[in-house]
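Structural characterization, general
Take a look at the letters that make up each chain.
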Amino acid sequence: MKNTLSVMHIDDFQKYAKRKTILWLIGIYASNVILALFISIFYFLFESKTDAFNNFMIFFRTITLALTGFAFFVTYRKALDKAKYLIFLILFINLMMYIYMPNKDFVIAVSTFTVTVIIIEDFFSSFFTNTKFTIIFGCLGGILLNGYAFYLVQFVSRTTNINYEILFVMNYLIVFISIFNVSSSAGKNRFTKYLSQLIYMDMKTGLHNEREFEHQLKIAINNKEPFYILSLHFSNLSFLNKRFTYRIVQHEYLNCIQDIKKIMSTTAESYKLEGPLIAFIIKENLHDIEDIQNKIHQINSSCNKNLKDNKQNKHMALNWLGTRFPDDGHSSEKLISNLYHLKDIESYPIGGIQWYDQDAYYKMKRQINLEKDLISAIENEGLEIALQPQFDLNKNTLHGVEVLARWTHKEHGIVSPVEFIPIVEQLNLAEKFTNCILDLSKKALLHIEANHIQIEQIAVNIIASNISDGSIITMIKNWPNLLELEITESTLMELNERAKATLSLLKEKGFSIAIDDFGTGFSNLEYLHALDVGYLKVDKKFIDSMMTSEKALKLVEALMSMAHTLNIKVIAEGVETKMQYDILKSLNCDIIQGYYYAKPMSVDAFIERFKPI
């Protein structure tokens, strides 16, 4: 337990401390009852076997001891509500015993009664931490103590002589002890309340923070009743802070928070989560979607009204996010992560709620995993390559190979280049990635040449940024001229002047340049001439379409005719059937690649297939 106290919610800690305190008080009280019962039994056995008063005391002390033992048991089992009523019953019996049957030694009676009242106050303070309640009960306890002392004075005045000064001194003493006890309890309650505010309140907004939100969320989950979690994300707050002065934006932001708190006060408590995110827990059986939409409309109108300025428009973008229990998750961690996942989406419904979607969550989770692990794969040789053989239709021989990047993720399996290449560009890993593929390609080429396999070209796809920044020149400075650099048609359209110069320099150094996926974009034909492109690769879509469409067939024929006019060779991608092969051969296509000739394969498989006998 000592190791877990620091992570307890303060409510849970108070329950834990309350239980420990009550167990100690019960133990002290039980030891007192046992001692009193032992004395009573001893007196009964050896002094007066016929004393009805003593028999009565033995009976009630026995009952009290049994109830005390049971109270200790239920408290130990954490059933504090049951223990509360048992303890109050025990103390009530104890008070009645002293009120109606005071001891012959009145000073002891006053002392015992005082201790009992103070114990009751401690029990009340353990169960009820409200300061006002503690003070009220302390005042009642003081009145009770004075009344009991007065009762004893009146009682003994009719029975025997007594030193009244002692009783008065005892009376004042016990009253001050009671006042001190009540003051101590009230101070403890105030400190607990202040500590709770420090820990579970966001000091800037005055709202409960994420710790309290998670605690209340667990309570709601334990009730096992459906509920919504709504969240309001101030998506452009950082932008406004940059555009306008921070103090002005924060002032209006805090005004907006107060309006939100006021509007939602009858519906749900408002919680401030990490970042500009406000959350609400709304019971499903109390508020339907229409009610929620009305609240959203009120908040949007109020905040937009506050954020208008005579000089400049400081419109604050309010995006509403929503998730459900139990449909979207069964734990507080999962439900909160849903909100943070929704916060990162790019588009929101105007004036409505963006509800959590499980499929979108898994896509985002996959994206995050791939981004994290791709860096490691590039830096630690976690990528592989496959070789796609190319066949020369004129010579009826192996022409070369296209290098295809491959990545097998430990969790998601084989990841398509269509998915991970954009990640490479987003994370600015283009140079590292291209270097990695070029290194693997060079090793493959050395292995191929060592096995006496003759190829004219080894084609490697180059990312646009490698050309734009000129880094490709350094990467391939030690490569032989049979390296063919493939760039997509879309990349060709985006080339800047520096990129054009880079491609021209590569051509001067003897490297071939191929335009990949030709025909899918709108290339400037002037580039084909200006850059002295060596190869055009006709996209697989056209190869498939020409089998069923006369227009597609004529388009493929026209592309080949144009390329040959410019002295550019044509490579047909995705050739899979004999009929496609025959048509392409009749159209004077230069090179084909695809499943009809050979599937992509590992370097070892390539060598085993094409190694000379």
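Data block above holds the structure.
In this convention, every chain numbers its residues from 1, walking through the sequence in written order. Thresholds applied to this predicted model are a pLDDT of at least 70 for local features of residues and 80 or more for the giving and counting of side-chain atom pairs; totals over whole chains, interfaces and linings are not thresholded and use all residues. With hydrogens and water stripped out, all remaining heavy atoms of the structure feed into the side-chain values.

1. Thoughts on the sheet that holds strand β2 (residues 270–273)
For clarity, the cut-off: Should DSSP find at least two bridges between two strands, the strands are taken to pair. Secondary structure is summarised from DSSP: a helix means a run of H or I of at least four residues, a strand means a run of E of at least two, and numbering begins at the N terminus for each. Note on method: axes are straight lines fitted to C-alpha atoms, helices fitted across the in-contact stretch only, with angles between N-to-C directions ranging 0 to 180 degrees. Contacts: residue pairs with any heavy atoms within 4.5 Å of one another.
Across the sheet, 5 strands lie side by side as β2-β3-β1-β4-β5; this open sheet has mixed pairing. Among the strands making up the open sheet, the edge pair consists of β2 and β5 (353–355). Neighbour-to-neighbour, the strand axes of this sheet turn through a mean angle of 30 degrees, independent of strand direction. Judged from the 7 bridges that link them, strand β1 (residues 227–234) and strand β3 (residues 277–283) form a sheet pairing that is antiparallel. Looking across to β3, one finds that Leu232 is bridged to Ile278. Against the sheet, helix α11 (residues 332–343) makes contact with β1, β2, β3, β4 (318–325) and β5, and its axis sits at roughly 150 degrees relative to β4, the strand it touches most.

2. Brief notes about helix α9 (residues 246–264)
Cut-off, in case you're wondering: For a helix, the expected span equals 1.5 Å multiplied by the residue count minus one. A 1.4 Å probe rolled over the protein chains alone gives each residue an accessible area, and that area as a share of the maximum for its type sets the label: buried under 20%, exposed over 50%, partly exposed in between.
Compared with an ideal rise of 1.5 Å per residue, which puts 19 residues at 27 Å, α9 spans 27 Å between its outermost C-alpha atoms and is within 8% of the ideal. Val249, Gln250, Glu252, Tyr253, Cys256, Ile257, Asp259, Ile260, Ile263 and Met264 are the residues of α9 that are buried.

3. Quick word on a nonpolar patch on the surface
To be explicit about the condition: A patch is a set of surface residues, each over 30% in relative accessible area and not in a salt bridge, joined within 9 Å for like charges and within 5 Å for the nonpolar side chains Val, Leu, Ile, Met, Phe, Trp and Tyr. Method for areas: the Shrake-Rupley scheme with a 1.4 Å probe, in which residue coverage is limited to the protein chains shown. Criterion for a salt bridge: a side-chain nitrogen of Lys or Arg within 4 Å of a carboxyl oxygen of Asp or Glu.
On the surface, Ile136, Leu140 and Ile143 cluster together to form a nonpolar patch covering roughly 320 Å² of accessible area. Relative to the helices and strands, Ile143 is located in helix α5 (residues 131–157).

4. Some points on the packing of helix α7 (residues 210–222) against α11
Note the cut-off: Should an angle fall under 35 degrees it is taken as roughly parallel, and over 145 as roughly antiparallel, whereas 65 to 115 is taken as roughly perpendicular and any remaining angle as oblique. By definition, any crossing whose near helix is turned counterclockwise from its far helix by less than a right angle is left-handed, and any crossing with a clockwise turn is right-handed. Residue type decides the class: Asp, Glu, Lys and Arg count as charged, Ala, Val, Leu, Ile, Met, Phe, Trp, Tyr, Cys and Pro as nonpolar, and the leftover types, Gly among them, as polar.
Contact pair α7 / α11: the axes reach a minimum separation of 9 Å and the direction vectors enclose 125 degrees. Taken together, the axes of α7 and α11 lie oblique to each other. In this structure, α7 crosses over α11, and the sense of that crossing is right-handed. Taken together, the residues of α11 that come into contact with α7 (itself represented by Glu210, Phe213, Glu214, Leu217, Lys218 and Ile221) are Ser332, Glu333, Leu335, Ile336 and Tyr340. Residues that form the contact of α7 with α11 fall into these classes: 6 nonpolar, 1 polar and 4 charged.

5. A look at the nonpolar core
Heads up, the condition is: The set of buried Ala, Val, Leu, Ile, Met, Phe, Trp, Tyr and Cys residues whose side-chain atoms join them within 4.5 Å is what this entry labels a nonpolar core.
Ranked by size, the top nonpolar core spans 76 residues in total, and within it Leu383, Phe433, Ile458, Ile476, Leu584, Ile592 and Phe606 carry the most contacts. When residues in this core are grouped by element, the largest group, 8 residues, is from helix α14 (residues 430–450). When neighbours within four sequence positions are excluded, Leu584 is seen to be in contact with Leu393, Ile543, Met546, Met560, Ala572, Val575, Cys589 and Ile592. In this structure, Leu207, Phe234, Cys256 and Ile299 belong to the second largest nonpolar core, which totals 28 residues.

6. What to know about the pattern of salt bridges
Applying the stated criterion to the full structure yields 9 salt bridges. Across the pair Glu486 and Lys537 runs a salt bridge, and its minimum N-O distance is 2.8 Å. Here Glu486, found in strand β10 (residues 483–488), pairs with Lys537, found in strand β12 (residues 535–538); they are 51 residues apart in sequence, far enough to count as distant. Its relative accessible area of 0% is what places Glu486 among the buried residues.

7. A look at the side chain of Ser441
Its place among the elements puts Ser441 in helix α14. According to the relative accessible area criterion, Ser441 is buried, its value standing at 0%.

8. What about the pairing of strand β13 (residues 569–572)?
As judged from the 4 bridges shared by β12 and β13, these two strands associate in the parallel manner. In the sheet register, Val538 faces β13, and the bridge partner there is Ala572. The pairing of β13 with strand β14 (residues 591–592) spans 2 bridges and is parallel. What sits directly across from Ala572, in β14, is Ile592.

So far we have only geometry, and geometry alone does not tell us how the molecule works.
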